[in-house]
Amino acid sequence: KAGIEAHCDKFERMERVLKKLPIPEQGLFVAPTVIKLEGIQELEQEIFGPVLHVATFEADEIDQVVDTINAQGYGLTFGLHTRVDSRVERIINRVKVGNIYVNRNQIGAIVGSQPFGGEGLSGTGPKAGGPQYVRRFMKSETPHNAAVSAAPTVTLERLQMAIDQLQDYGWADPVDRAARLKPVFGTVAAALDAAPEAMPGPTGEINSLSCCPRGVVLCLGPDKTSALAQAGIALSQGNAVVAVAPGIEAAVAAAVGEGIPVVGIDGLVIADALAAAKGIEAVASAAGEPSLRAYRLALSKREGALLPLITEQHAAERFVTERHLCVDTTAAGGNASLIAASE
């Protein structure tokens, strides 16, 4: 209560409060408040209270607005109201959030119809009520390989150089990935991001669940065989990979030559490098428990989103992010010329 009120008071002193309702003298109430913002970048944290923030923008600034939303790191829900189909496609393909609602309210997610969960600072695991949820409660095969001795140490600087090589990478269509990966990585998992999955729902509503690549994944072995297996499954789901293990550079050289987004580094990463490396979205390792403990501690020191440490051997779903789209199709009526308008 004190935190929300302090937030509102800050903007009231800036003369940015557009409306504030009175509250009872008795009880723990926070006044419903409407605040004017220059943009979402003015919010330093999520405000869970009866506070509505309003920001306006020009129509041709929509891409910049979405990019600014993404840059905040929070990605739970996003609501959009428009009858222009091209604008819907443009925005939902750009915004990085777990649940997107078009022409309807943003609350009341139903298990099995609208699997619920965010990404970034708004979520760390599979969506509640989704097809991957129960699997996370099951004990899975998690092989632990002994640490490799006499391997060179990979510093943060060396690791960051490899990560930076993969920024803005391009990758093959899901249909082509398995064939391109097979010569180096063998048979890989099916691509979960191949097509959205239609979810059941009421008449007049479209619900679909998509899987998206996480981004750049660190595959830390610790040996060449496990690093190759981790890299194969990460790449099969559309990610880029930095693989670190003794002898891995030569093992992935052919893949690099074919334009597959993978970089190999011979050696072993020092755990502290995981605390500061930028541009990664997940870490995979089959190391022994002492090494995994050190990795977890290093990852816990990072600012921003919590990154998963993936130890399962055959869990393709751990290498993707789920996003759900819900569209109220009954809102498509009205001005036919507006619906047909192009941008």
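On a predicted model such as this, the values are computed, not experimentally measured, just so you know.

So, how was this worked out
Residues numbered from 1 in each chain as written. Predicted model: local features only at pLDDT ≥ 70, side-chain atom pairs only at ≥ 80, totals over all residues. Heavy atoms only, no water. Phe/Tyr/Trp six-rings, centres within 6.5 Å; stacked < 30°, edge-to-face > 60°. Buried < 20%, exposed > 50% of the residue type's maximum accessible area, 1.4 Å probe, protein only. Helix = DSSP H or I, 4+ residues; strand = E, 2+ residues; numbered from the N terminus. Contact = heavy atoms within 4.5 Å. Pairing = 2+ DSSP bridges. Axes fitted to C-alpha atoms, helices over the stretch in contact; angles between N-to-C directions. Core = buried A, V, L, I, M, F, W, Y, C linked by side-chain atoms within 4.5 Å.

**Points about the packing of aromatic side chains**
Piece 1. The final tally for this structure, using the stated rule, is one aromatic pair.
Piece 2. Where Tyr 133 meets Phe 137, the ring centres are 5.2 Å apart and the plane angle is 85 degrees; that geometry is what we call edge-to-face.
Piece 3. Judged by relative accessible area, which is 31%, Tyr 133 ranks as partly exposed.
Piece 4. We classify Phe 137 as exposed; its relative accessible area is 63%.

**Quick notes on the environment of Arg 180**
Piece 1. Topologically, Arg 180 is positioned in helix H5 (residues 174-185).
Piece 2. The exposure class of Arg 180 is partly exposed, given its relative accessible area of 33%.
Piece 3. Along the sequence, Arg 180 and Ala 234 sit 54 residues apart, while their C-alpha atoms lie 14 Å from each other.
Piece 4. Setting aside anything within four residues of it in sequence, one finds Arg 180 in contact with Trp 171, Ala 172, Glu 258, Gly 259 and Ile 260.

**Brief notes about the sheet that holds strand S6 (residues 99-102)**
Piece 1. Spatially, S5-S6-S17-S10-S9 is the arrangement adopted by the five strands of the open sheet, whose pairing is mixed. Every interior strand has two partners, whereas the edge strands, strand S5 (77-80) and strand S9 (197-198), have only one.
Piece 2. Of the strands in this sheet, S5, S6 and strand S17 (320-328) touch helix H3 (residues 85-92), which is tilted by about 160 degrees from S5.

**Focus: the nonpolar core**
Piece 1. Core analysis: the largest hydrophobic core is formed by 27 residues, its most contacted members being Leu 159, Leu 218, Val 242 and Leu 274.
Piece 2. Elements that contribute at least two residues to this core include exactly helix H4 (156-165), strand S11 (216-219), strand S12 (240-244), strand S13 (262-265), helix H8 (273-276) and helix H9 (289-300).
Piece 3. Leaving out residues up to four positions away in the same chain, Leu 274 has contacts with Leu 218, Leu 220, Val 269, Val 283, Tyr 295, Ala 298, Leu 299 and Arg 302.
Piece 4. In this structure, Ala 234, Ala 243, Ala 316 and Phe 319 belong to the second largest nonpolar core, which totals 26 residues.

**Looking at the sheet that holds strand S3 (residues 51-54)**
Piece 1. On the basis of which strands lie adjacent, the open sheet formed by three strands has the order S1-S2-S3 and mixed pairing. Where the open sheet ends on each side, the last strands, each with one partner, are strand S1 (17-20) and S3. The average angle at which neighbouring strand axes cross in this sheet is 15 degrees, direction not considered.

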